[in-house]
Amino acid sequence: PNTDRDWYRIQIDAPDDLGVLLRPIGSSYDAGPQNGVAVTVNRREQNDLAFRVHDANGNVITERSSRLMGFAEFANGIELPAAGTY
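Heads up: these notes are all about the structure in this document.

Now for the overall build of the protein chain. What the protein chain contains, in helices and strands, is 0 helices and 8 strands. Sequence-ordered secondary structure for the protein chain, helices as α and strands as β, is β-β-β-β-β-β-β-β. In terms of overall dimensions, the protein chain is more spread out than a globule: its C-alpha atoms have a radius of gyration of 18 Å, far above the 12 Å expected for 86 residues. Its C-alpha atoms put the protein chain at 60 × 20 × 20 Å along the principal axes. Looking at the 86 residues of the protein chain, the share that counts as buried comes to 20%. By sequence separation, contacts in the protein chain at least 24 residues apart represent 53% of the contacts at least 6 residues apart. Entry remark: accessible area of the protein chain is about 6,900 Å², with carbon and sulfur atoms responsible for 48%.

Further remarks concern the side chain of Glu73. Tracing the sequence through the fold places Glu73 in strand β7 (residues 73-80). One polar contact links the side chain of Glu73 to the main-chain amide nitrogen of Ser66, over a distance of 3.0 Å. Not counting the four nearest positions on each side in its chain, Glu73 is found in contact with Val20, Leu21, Leu22, Asp48, Leu49, Ala50, Phe51, Arg64, Ser65, Ser66 and Arg67.

Conventions and cut-offs
- Residues numbered from 1 in each chain as written.
- Predicted model: local features only at pLDDT ≥ 70, side-chain atom pairs only at ≥ 80, totals over all residues.
- Heavy atoms only, no water.
- Helix = DSSP H or I, 4+ residues; strand = E, 2+ residues; numbered from the N terminus.
- Rg over C-alpha atoms; globule rule 2.2 N^0.38 Å.
- Buried < 20%, exposed > 50% of the residue type's maximum accessible area, 1.4 Å probe, protein only.
- Contact = heavy atoms within 4.5 Å.
- Areas by Shrake-Rupley, 256 points an atom, 1.4 Å probe, with all protein chains shown as cover.
- Polar contact = N/O pair within 3.5 Å; in protein donor to acceptor, adjacent residues only side chain to side chain.

Next comes the structure, spelled out in structure tokens:
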């Protein structure tokens, strides 16, 4: 479902850059009625991945949701300007 959210926390001791890569995983299978026409279902293409990076106060530093359903989302060189939790 599009409402599924996962949260991750990182702690840094000094300003740094962050790289993020979200890659869809899953397999393909055939689905359909018994003795009927099967349709291929690709689990990798059932969600549109996106991410946000927040600072310790909840402010959004960056977000990505530019790719199509079934494709990876990524960003390199996200500036984390200070030590702390993100």
